[in-house]
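Now for the letters of each chain:
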Amino acid sequence: MAGIIQGFEECPTAIDAQGVERPTRKPVALIDIPTPIKSIRLEAPTNNERTVYYGDSLLASGYGLSLSPGESREFIFRHDSKESPGDLKDFRVVFGHEYDMIKYLAITV
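Residues numbered from 1 in each chain as written. Predicted model: local features only at pLDDT ≥ 70, side-chain atom pairs only at ≥ 80, totals over all residues. Heavy atoms only, no water.

A look at the overall build of the protein
- Across its full length, the protein holds zero helices and eleven strands.
- The order of α-helices and β-strands along the protein, N terminus first, is β-β-β-β-β-β-β-β-β-β-β.
- If you line up the protein on its principal axes, its C-alpha atoms span 55 × 25 × 25 Å.
- Across the 109 residues in the protein, those meeting the buried criterion constitute 29%.
- In the protein, the share of contacts with a sequence separation of at least 24, taken over all contacts with a separation of at least 6, comes to 76%.
- Considering the protein, the positive charge centre built from 12 side chains and the negative charge centre built from 16 side chains are found 4 Å apart. (Helix = DSSP H or I, 4+ residues; strand = E, 2+ residues; numbered from the N terminus. Buried < 20%, exposed > 50% of the residue type's maximum accessible area, 1.4 Å probe, protein only. Contact = heavy atoms within 4.5 Å. Lys, Arg positive; Asp, Glu negative; His and termini not counted. Charge placed at Lys NZ, Arg CZ, Asp CG, Glu CD.)

If you want it as structure tokens, here you go:
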């Protein structure tokens, strides 16, 4: 039975050697458990400071598809008997600014 999962991911931070909190710029998974999906919509809020990059587990900082502040993208996966659906756990994001975020809405299988 299909369902809806929505959420957001914020830029993770870490304390550096000087004791200053800074963005990690490491890929972050949207969700940690396998979640088959029919479609997903990603949105970078208009108040983000920089571009958000997204992709799969091979995503590196600054390399991948991008969403500028205020942009959104939608992906639809075929899920008939010959093809498997998409998986929400495969999506990763990298942030360029410590207060940036990405929102998502996914339709599950």
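Resuming the write-up.
Points about the packing of aromatic side chains
- Throughout the structure, instances matching the rule amount to three aromatic pairs.
- When the ring of Tyr-54 is compared with that of Phe-75, the centres are 5.9 Å apart and the planes differ by 70°; the resulting orientation is edge-to-face. Linking Tyr-54 in strand S6 (residues 52-55) with Phe-75 in strand S8 (residues 72-76), this pair joins segments that are 21 residues apart in sequence.
- Aromatic side chains Phe-77 and Phe-91 sit 6.4 Å apart centroid to centroid with 75° between the ring planes, which places their arrangement in the edge-to-face category. Separated by 14 residues along the polypeptide, Phe-77 in the loop between S8 and strand S9 (86-87) and Phe-91 in the loop between S9 and strand S10 (92-94) bring together distant segments of the chain.
- Here the aromatic residues Tyr-54, Phe-75, Phe-77 and Phe-91 are joined through ring pairs into a cluster of three or more. (Phe/Tyr/Trp six-rings, centres within 6.5 Å; stacked < 30°, edge-to-face > 60°.)

Regarding the pattern of salt bridges
- Within this structure, the stated rule accounts for three salt bridges.
- With a shortest N-O distance of 2.6 Å, Asp-16 and Arg-22 are connected by a salt bridge.
- For Asp-16, a relative accessible area of 21% gives the class partly exposed.
- The shortest N-O distance in the salt bridge between Lys-89 and Asp-90 comes to 3.5 Å.
- Lys-89 gets classed as partly exposed once you look at its relative accessible area, which sits at 28%. (Salt bridge = Lys/Arg side-chain N within 4 Å of Asp/Glu carboxyl O.)

Considerations on the sheet that holds S10
- The four strands lie next to each other as S4-S10-S6-S7, forming an open sheet whose pairing is antiparallel. Since the sheet does not close on itself, it has two edges, and those belong to strand S4 (28-29) and strand S7 (65-67), each with one partner.
- Pairing geometry for S6 and S7, over three bridges, is antiparallel. Following the sheet pairing, Tyr-53 is matched in S7 by Ser-66. (Pairing = 2+ DSSP bridges.)

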